[in-house]
Amino acid sequence: MKLKIAVLPGDGIGPEVTNQSIKVLNCIADKYNHKVDLTEGLVGAIAIDEYNDPYPDSTHMLCKNSDAILFGAIGHPKYDNDPKAKVRPEQGLLKMRKKLGLFANLRPTIIFESLLEMSPIKEERIKDTDILFVRELTGGIYFGDRGRKNNDNYAYDTCQYSREEIVRIAKIGFEYAKKRSKKLCCVDKANVLETSRLWRETVQSMEKNYPEIKVSYEFVDAVAMRLVQWPSSYDVLITSNLFGDILTDEASVISGSMGLMPSASIGSENALYEPIHGSYPEATGKKIANPIASILSLSMMLDHSFNLKDESKIINRAVEDSLTNKITTPDLNKYNKSYTTDEVGDYIVNFVKNN
Ligand code: IPM
Ligand code: MG
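Residues numbered from 1 in each chain as written. Chains lettered and ligands numbered in written order. Predicted model: local features only at pLDDT ≥ 70, side-chain atom pairs only at ≥ 80, totals over all residues. Heavy atoms only, no water.

*Asks:* When you look at the pairing of strand E5 (residues 130–136) in this model, what are you seeing that I'm missing?
*Replies:* Side-chain direction in a regular strand flips from residue to residue, so the side chains alternate between the two faces of the sheet. For E5, a buried count of 6 out of 7 residues is recorded, marking the element as mostly surrounded by other parts of the structure. Where strand E4 (residues 104–110) lies against E5, 7 bridges are found, and the strand directions are antiparallel. Its bridge partner being in E5, Thr109 is matched across the sheet by Ile131. In this sheet, strand E10 (residues 236–239) lies alongside E5 in parallel orientation, the contact comprising 4 bridges. Residue pairing across strands places Phe133 opposite Leu237, the latter belonging to E10. (Buried < 20%, exposed > 50% of the residue type's maximum accessible area, 1.4 Å probe, protein only. Helix = DSSP H or I, 4+ residues; strand = E, 2+ residues; numbered from the N terminus. Pairing = 2+ DSSP bridges.)

See below:
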């Protein structure tokens, strides 16, 4: 099969971890006889340096003309401490999601048996946790009207959702619930927010089309609490853009390290795969970045965008094996010898080659 992939390494540790995924991808291509066609594009701070635009048109065209996009990370500290900066790397990510119509963000939270002791939560609470967040990604407060008034002394952001936007994200949630444990939780703040009431009303009206799915409705503050108390009680959760952003960061620590968590952002025509950890500037260039989130994002790509199940599974097995044998970066290896980003990548490549 021909795999035409746009590679956007981005900023911070993005390039280091993406490199490992490319090594794994090339190995998969060799082993299973696929032809990979990779083209790199600029996004984020590095694109601002070059084009004064965090998501230049050339990168957009490259993404549109590819079957899937492998993305690293975006962000640079020089912008974080400058709230007045007119152009920011994060705008590139938002523009990319919007222009490519990537409205659904799938963020699984899975537990690795060998890392149970790494979790800040007690083992018996997290055992069997297998959650899929379906976060709305191109609407809500991230994209509503915003601005300043009264000589800059007043600021506002608005949260807006149309019924259509809710229906299309909820459909994805229902479909995944059907394939998994038939439980769907709609997370909102319907006791306060009008947009949340529209979410609830819309999801309720869709229930009849999925009689086998048990739907629960929970407030986001309560979910934030229960997520760390009884994570294994959840399965598929659907939620708005901002709530999803916050809850998925919270959920990522359950597994022991954010460096493990992959994600897929899907739309009707394209899909982008990225680790959820961000650019982690403090670690850049130190060879300590955990490549697993990116490698698992590649695995999600092979599965979702190309339907290559065996290829995706062997990567997951390789990752599990590296964790079991403690071939891990320092975030997962406080006491034993730890390995560099490249060494972990090489171990996973070798496992894929030989199994
Ligand atoms: C994420 C990130 C982004 C978001 C930022 C970098 C704009 O936190 O993908 O979760 O808020 O969506
Ligand atoms: Mg986030």
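After that view of the structure, there is still more to cover.
*Asks:* Hey, could you run me through helix H12 (residues 309–324) in this one?
*Replies:* Quick reminder: α-helices carry 3.6 residues per turn. Residues three or four places apart thus point the same way. Compared with the 22 Å implied by 1.5 Å per residue over 16 residues, the 22 Å span of H12 between its first and last C-alpha is a close match. Within H12, the full set of buried residues consists of Glu311, Ser312, Ile314, Ile315, Ala318, Val319, Ser322 and Leu323. At its buried positions, H12 is contacted by helix H1 (14–32), helix H11 (292–304) and helix H13 (341–354). (Expected span 1.5 Å × (residues − 1). Contact = heavy atoms within 4.5 Å.)

*Asks:* I tried to follow helix H9 (residues 220–229) on my own but got confused; where do I start?
*Replies:* Within the sequence span of H9, burial applies to Val220, Val223 and Leu227. Along H9, the residues classed as buried sweep out an arc of 45 degrees about the axis, all on the same side. On its buried side, H9 packs onto E5, strand E8 (183–188), strand E9 (214–219), E10 and helix H10 (241–252). (Arc of directions from axis to C-beta.)

*Asks:* Quick question: what am I supposed to make of the side chain of Asp188 here?
*Replies:* For Asp188, the position within the fold is in strand E8. When neighbours within four sequence positions are excluded, Asp188 is seen to be in contact with Ser196, Arg200, Glu218, Phe219, Val220 and Phe243.

*Asks:* Can you walk me through the sheet that holds strand E11 (residues 262–266) in this structure?
*Replies:* What links the strands of a sheet is backbone hydrogen bonding, and the strands pair in either a parallel or an antiparallel sense. Within the open sheet, the 10 strands sit side by side as E2-E1-E3-E12-E11-E4-E5-E10-E8-E9. Their pairing is mixed. Edge positions in the sheet fall to strand E2 (35–40) and E9, since each of these pairs with one other strand and no more. Across the sheet, the mean angle from the axis of one strand to that of its neighbour is 25 degrees, orientation sign disregarded. Taken together, the 2 bridges between strand E3 (residues 68–73) and strand E12 (residues 271–275) define a ladder with parallel strand orientation. Residue pairing in the sheet places Ile69 in a bridge with Leu272 of E12. Taken strand by strand, helix H8 (residues 194–206) contacts E5, E8, E9 and E10, and its axis lies near 170 degrees from that of E9. Contacting E4, E5, E8 and E10, H10 runs over the sheet at an angle of about 155 degrees to E5. (Axes fitted to C-alpha atoms, helices over the stretch in contact; angles between N-to-C directions.)

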